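Reading the structure
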Amino acid sequence: MTKTVTLERVRFKVTLRRGEMGYWVAGCPGLPGCISQGKTRAEALTNIQEAIQGWLESAQAHPETWAASSR
């Protein structure tokens with residue numbers, strides 16, 4: 001399943017799937033390694049929004065790492 005998450009007027013595609021332990025796993029394919037989970041779909045979507053925000057803040061604070069991983 002694919003959803004769209006809006007964060008500060010930027011939209012990211014997010015995938016949702018059931019994990020092995022019954023949790024919902026959310027991932028953002030456009031941001032490598034940006035994954036989260038939750039007991040419910042709503043919780044997983046809230047958690048992935050926080051993960052996206054953290055990913056973007058980290059990429060901004062460490063641009064050299066982002067530049068190396070995008071090659």
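Scroll up to find the structure.
Cut-offs and rules
- Within every chain, residues take consecutive numbers counted from 1 along the sequence as written.
- In keeping with the predicted nature of the model, local features appear solely for residues at pLDDT of at least 70, side-chain atom pairs appear and are counted solely at 80 or more, and the whole-chain, interface and lining totals rest on all residues.
- To obtain the side-chain values, all non-hydrogen atoms of the structure were used and water was disregarded.
- What counts as a helix is a DSSP run of H or I of at least four residues, what counts as a strand is a run of E of at least two, and both are numbered from the N terminus.
- By the convention used here, residues are in contact when the closest approach between their heavy atoms is within 4.5 Å.
- Per-residue and other accessible areas follow the Shrake-Rupley method at a 1.4 Å probe size, with only the shown protein chains counted as cover for residues.
- Take the number of residues in a helix, subtract one, and multiply by 1.5 Å to get its expected span.
- The buried label goes to any residue with under 20% of its type's maximum accessible area, the exposed label to any with over 50%, and the partly exposed label to all in between, with areas taken from a 1.4 Å probe on protein chains only.
- Along the arc lie the directions from the helix axis toward the C-beta atoms.
- In this analysis, rings of Phe, Tyr and Trp, with Trp reduced to its six-membered ring, are considered paired at centre separations within 6.5 Å, and the interplanar angle assigns stacked below 30 degrees, edge-to-face beyond 60, and tilted for intermediate values.
- In this scheme, the term charge over a ring applies when either NZ of a lysine or CZ of an arginine sits within 6 Å of the ring centre and within 35 degrees of the ring normal.
- Buried Ala, Val, Leu, Ile, Met, Phe, Trp, Tyr and Cys residues form a nonpolar core when they are joined through side-chain atoms within 4.5 Å.
- DSSP-based pairing: two strands are paired if at least 2 bridges between them are found.
- Sulfur atoms of two cysteines make up a disulfide when they are within 2.5 Å.

1. Comments concerning the overall build of the chain
Regarding its fold elements, the chain presents two helices and four strands. Mapped from its N terminus to its C terminus, the chain presents α and β elements in the order β-β-β-β-α-α. Excluding contacts between residues fewer than 6 apart, the proportion of contacts in the chain whose partners are at least 24 apart in sequence is 24%. Accessible surface for the chain amounts to roughly 5000 Å². Of this, 52% is attributable to carbon and sulfur atoms.

2. A short note on helix H1 (residues 41–61)
Across its 21 residues, H1 extends 30 Å between first and last C-alpha, which sits within 8% of the 30 Å expected from 1.5 Å per residue. Three or more residues of H1 are buried, namely Ala44, Asn47, Ile48, Ile52, Trp55 and Ala59. The buried side chains of H1 occupy one side of the element, clustering within an arc of 150 degrees when seen end-on. Those residues of H1 that are exposed and aimed more than 90 degrees away from the buried face are Ala42, Glu50, Gln60 and Ala61.

3. So, the packing of aromatic side chains
The geometry of two aromatic rings is summed up by the distance between their centres and the angle between their planes. For the structure on display, the rule yields zero aromatic pairs. Above the plane of the ring of Trp24 lies Arg41, whose end atom (NZ or CZ) is 5.7 Å from the centre.

4. Notes on the nonpolar core
Nonpolar side chains in soluble globular proteins tend to be buried together. Among the nonpolar cores identified, the biggest contains 13 residues, and Ala26, Cys28, Leu31, Cys34, Ile48 and Ile52 are the most heavily contacted of them. A total of five residues in this core trace back to one element, the largest contributor, which is H1.

5. Re the pairing of strand E3 (residues 24–27)
Because side chains alternate across E3, one face comprises the buried residues Trp24 and Ala26, and the other comprises Val25 and Gly27, equally buried. Bridging between E3 and strand E4 (residues 35–38) involves four bridges; their strand directions are antiparallel. Opposite Val25, over in E4, you have Gln37 as the bridge partner.

6. Overview of the environment of Thr46
Considering the arrangement of structural elements, one finds Thr46 in helix H1. Taking the C-alpha atoms as reference, Thr46 lies 9.6 Å from Ala26; in sequence the two are 20 residues apart.

7. A look at the state of the cysteines
For the structure on display, the rule yields zero disulfides. Of the cysteine sulfurs around Cys28, a residue in no disulfide, the closest is that of Cys34, at 5.3 Å. Given a relative accessible area of 3%, Cys28 falls into the buried group. The exposure class assigned to Cys34 is buried, which follows from its relative accessible area of 4%.

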